[in-house]
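# Chains, contacts and geometry: an overview
Here is what each chain is made of, one letter per residue.
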Number of protein chains: 2
Amino acid sequence: MKIEHLIAQIKSKNSFLCVGLDTDLDKIPEHLLKEEDPIFEFNKAIIDATHSYCVAYKPNIAFYEAYGIAGWRSLEKTMDYLNEKHPDMYTIADAKRGDIGNTSTRYAKAFFDTMNFDAVTIAPYMGRDSVEPFLTFEDKHAILLALTSNQGAFDFQTRTTEGLELYKQVLKTSRDYENSERLMYVVGATKAIYLKEIREIIPESFLLVPGVGAQGGSLQEVCKYGITKDVGLLVNSSRGILYASQAKDFANKAAQQAKTIQNEMEMELHKRFGD
Amino acid sequence: MKIEHLIAQIKSKNSFLCVGLDTDLDKIPEHLLKEEDPIFEFNKAIIDATHSYCVAYKPNIAFYEAYGIAGWRSLEKTMDYLNEKHPDMYTIADAKRGDIGNTSTRYAKAFFDTMNFDAVTIAPYMGRDSVEPFLTFEDKHAILLALTSNQGAFDFQTRTTEGLELYKQVLKTSRDYENSERLMYVVGATKAIYLKEIREIIPESFLLVPGVGAQGGSLQEVCKYGITKDVGLLVNSSRGILYASQAKDFANKAAQQAKTIQNEMEMELHKRFGD
């Protein structure tokens, strides 16, 4: 998907919500478990209920991979459903891949070609030749981990190297990668205060922001420091939406949660851009 | 697999060779393409031909993932074949995964439970809570990326933070993780000279060493600086063995290549441990 198309969607829907499809058989409503493919049926119901309030869906690949081939089938069906019924939706494979050149090319093909995702999350540890293969696909994006929302982020990401924290080195160094205009970055909402300095290094790049809600990050803080003239944010919510209810009304409750977040986003957008 | 069992295998076979199953439809012999599952048939032939000369197999997950469900099926069949016919073989999922706690748990289940791998490669960028879920499985190992064999390793891994290069910080910090005795580390053979200092931080941990052969690393150098009293090395070769020939004799040629490396390993072992 062209970035202009994503921006247009955000502006027309007054939403930069990404719904994380971390679909977990232990948490989905019991009545779905008798379906042939409970994971797909759950995703389909969630998508049908929430698509007016969000602009992106982000399957967390681990949740599918854990079920082997059956899980990959559920993932492919989910992607086919999105591509057919909701082609305007931006789709992110939350896979956090990264390997040497020829291997990264394989991963890129798996997500961009085989499954037609718009973006895939990437770990930066192996450097340039592990990232660039993901950047050779037109109208696709690689979303590089910069500063993640978990406690372990402080193990390495915030260590200072040559006067700059590692996550800032990642931001800075990756700007020189070939086709770096196709990069986005993961910055956790639990660390929104860091966004001001992050925006000094990457003033315009889109950020994928996990950790609002369940993990304790604040949407207002994220917007205060992170928003750009093109919005430049995709804020993810997973559990808060998916498991708002575990009863038969789960899809309605998910829609209500998504709408609540979308309303909050609309207020933030109006503050900055007017009507 | 218990580490003692791996060590016993290494000593009885006089080999610490790991064969990387980076199986690529574009490179396997043409006559296999008419089989129902060419990737599995190729792997099976390679395993049958090389198992006397190696102690481990390492499917590179990207190569399977690139083919979607069909690829995962080939991977599962390969693992079933290894588990049934060659249960003594140590198996490594070269997946380079890493995500926040509950997601890492999913990846761990996928590889350790669903597919019964002995080990999986992990990226360290997200820190403690992304690694520890892989360390809760008894007799399984997580192989953490430390210093990789590619050029991009110099982007971040060798930067100095608090007086120590990042990859050394990874080695040092991870020693404090819970169940860290289940950690192994990836250290590229192209950077064998670094092994001396690495062994000062992790004197006994097993190292998975890619980059011998095709990528230019030297087995002698790796042994000189990296070998421990329990050998402590798994040296990987992929392309040099798999694609030694692309004709009908590919399995024989692969066996010859594996045998050549095993012979070299035997010499290195005899130098240090005698007969």
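Every residue gets a number counted from 1 within its own chain, in the order that chain's sequence is written. Here every chain gets a letter starting at A, and every ligand a number starting at 1, in the order they are written. Reporting in this predicted model follows two pLDDT cut-offs: at least 70 for local features of residues, and 80 or more for side-chain atom pairs to be given and counted; totals over whole chains, interfaces and linings ignore these cut-offs and use all residues. Side-chain figures throughout are based on the complete set of non-hydrogen atoms in the structure, without hydrogens or water.

## Side note on the interface of chain A and chain B
You'll often see interface size given as the accessible area lost when the parts meet. Definition in use: Any two residues whose heavy atoms approach within 4.5 Å are treated as being in contact. The buried area of a pairing is the accessible area, by a 1.4 Å probe, that goes missing from both parts when the two are put together, added over both. Counted as salt bridges are all cases of a side-chain nitrogen of Lys or Arg within 4 Å of a carboxyl oxygen of Asp or Glu. Nitrogen and oxygen atoms within 3.5 Å of one another constitute a polar contact, given that in protein one can donate a hydrogen and the other can accept it, and given that sequence-neighbouring residues count only through two side-chain atoms. Per the convention used, a helix needs a DSSP run of H or I reaching at least four residues, while a strand needs a run of E reaching at least two, with both numbered from the N terminus. In this classification, the charged set is Asp, Glu, Lys and Arg, the nonpolar set is Ala, Val, Leu, Ile, Met, Phe, Trp, Tyr, Cys and Pro, and all remaining amino acids, among them Gly, are polar.
Contact residues are listed per partner, giving 55 residues for chain A and 55 residues for chain B. Roughly 5100 Å² of surface becomes buried between chain A and chain B when both sides are summed, with 55% attributable to carbon and sulfur atoms. Sorting the residues of chain A by area buried against chain B places A:Arg106, A:Tyr125 and A:Phe156 first, and these three jointly supply 19% of that buried surface. Here chain A is connected to chain B by eight salt bridges. In this structure, the salt-bridge partner of A:Asp24 is B:Arg106, at a minimum N-O distance of 2.9 Å. At the junction of chain A and chain B, the tally comes to 40 residue pairs in polar contact (both at pLDDT 80 or more). By residue number, the principal contributor to the side of chain A that touches chain B is helix 5 (residues 101–114) of chain A, which donates seven residues. Considered class by class, the residues forming the side of chain A that touches chain B number 23 nonpolar, 17 polar and 15 charged.

## Points about the UniProt feature "active site" (unreviewed entry) in chain A
How we decide: UniProt positions are given in the numbering used here, feature names are shortened, and annotations may be inferred rather than shown by experiment.
When the UniProt feature table is mapped onto this chain numbering, "active site" (unreviewed entry) sits at A:Lys96. Relative to the assigned elements, A:Lys96 resides in strand 3 (residues 90–97). Filtering out sequence-adjacent residues up to four positions away, A:Lys96 remains in contact with A:Thr121, A:Ile122, A:Ala123, A:Leu145, B:Lys96, B:Gly98, B:Asp99 and B:Met126. Separated by 2.9 Å, the side chains of A:Lys96 and A:Asp94 make a polar contact.

## Considering helix 10 (residues 219–226) of chain B
Given 3.6 residues per helical turn, the α-helix brings residues three or four places apart onto the same face. Residues and elements named next belong to chain B. Selection criterion: Categorising residues by exposure relies on relative accessible area from a 1.4 Å probe, with only protein chains included: less than 20% of the type maximum marks a residue as buried, more than 50% marks it as exposed, and the intermediate range marks it as partly exposed.
All buried positions along helix 10 are accounted for by Leu219, Val222, Cys223, Tyr225 and Gly226. Structurally, helix 10 contributes buried residues whose contacts are with helix 9 (195–201), strand 9 (207–209), strand 10 (233–237) and helix 12 (250–273). Capping of helix 10 at its N-terminal end is provided by Ser218; its side-chain oxygen lies 3.3 Å from the backbone amide nitrogen of Gln220.

## Re the pattern of salt bridges
Between side chains of opposite charge, a pair can form as their charged atoms come close. All names here are of chain B. For the structure shown, the criterion picks out 34 salt bridges over all chains. In this structure, the salt-bridge partner of Asp230 is Lys229, at a minimum N-O distance of 3.3 Å. Its relative accessible area of 27% is what places Asp230 among the partly exposed residues. For Lys229, a relative accessible area of 54% translates into the label exposed.

## Comments concerning the packing of aromatic side chains
The cut-off we apply is this: The aromatic pairing rule takes the rings of Phe, Tyr and Trp, using the six-membered ring of Trp, and pairs them if the centres are within 6.5 Å, calling planes under 30 degrees apart stacked, those over 60 edge-to-face and the rest tilted. The rule for a charge over a ring is simple: NZ of Lys or CZ of Arg within 6 Å of the ring centre, and within 35 degrees of the ring normal.
Counting across every chain of the model gives 17 aromatic pairs over all chains. With a centroid separation of 5.9 Å and 20° between ring planes, the pair formed by B:Phe42 and B:Tyr243 is classed as stacked. Taken together, the positions of B:Phe42 in helix 2 (residues 38–50) and B:Tyr243 in the loop between helix 11 (239–242) and helix 12 put the pair 201 residues apart, joining distant regions of the chain. On the basis of relative accessible area, B:Phe42 is assigned to the buried category, the value being 0%. You can call B:Tyr243 buried: its relative accessible area is 15%. Through successive ring pairs, a cluster of aromatic residues spans A:Trp72, A:Phe111, A:Phe117, B:Trp72, B:Phe111 and B:Phe117. Of note, A:Lys11 hangs over the ring of A:Phe273, and the distance from its end group to the ring centre comes to 5.6 Å.

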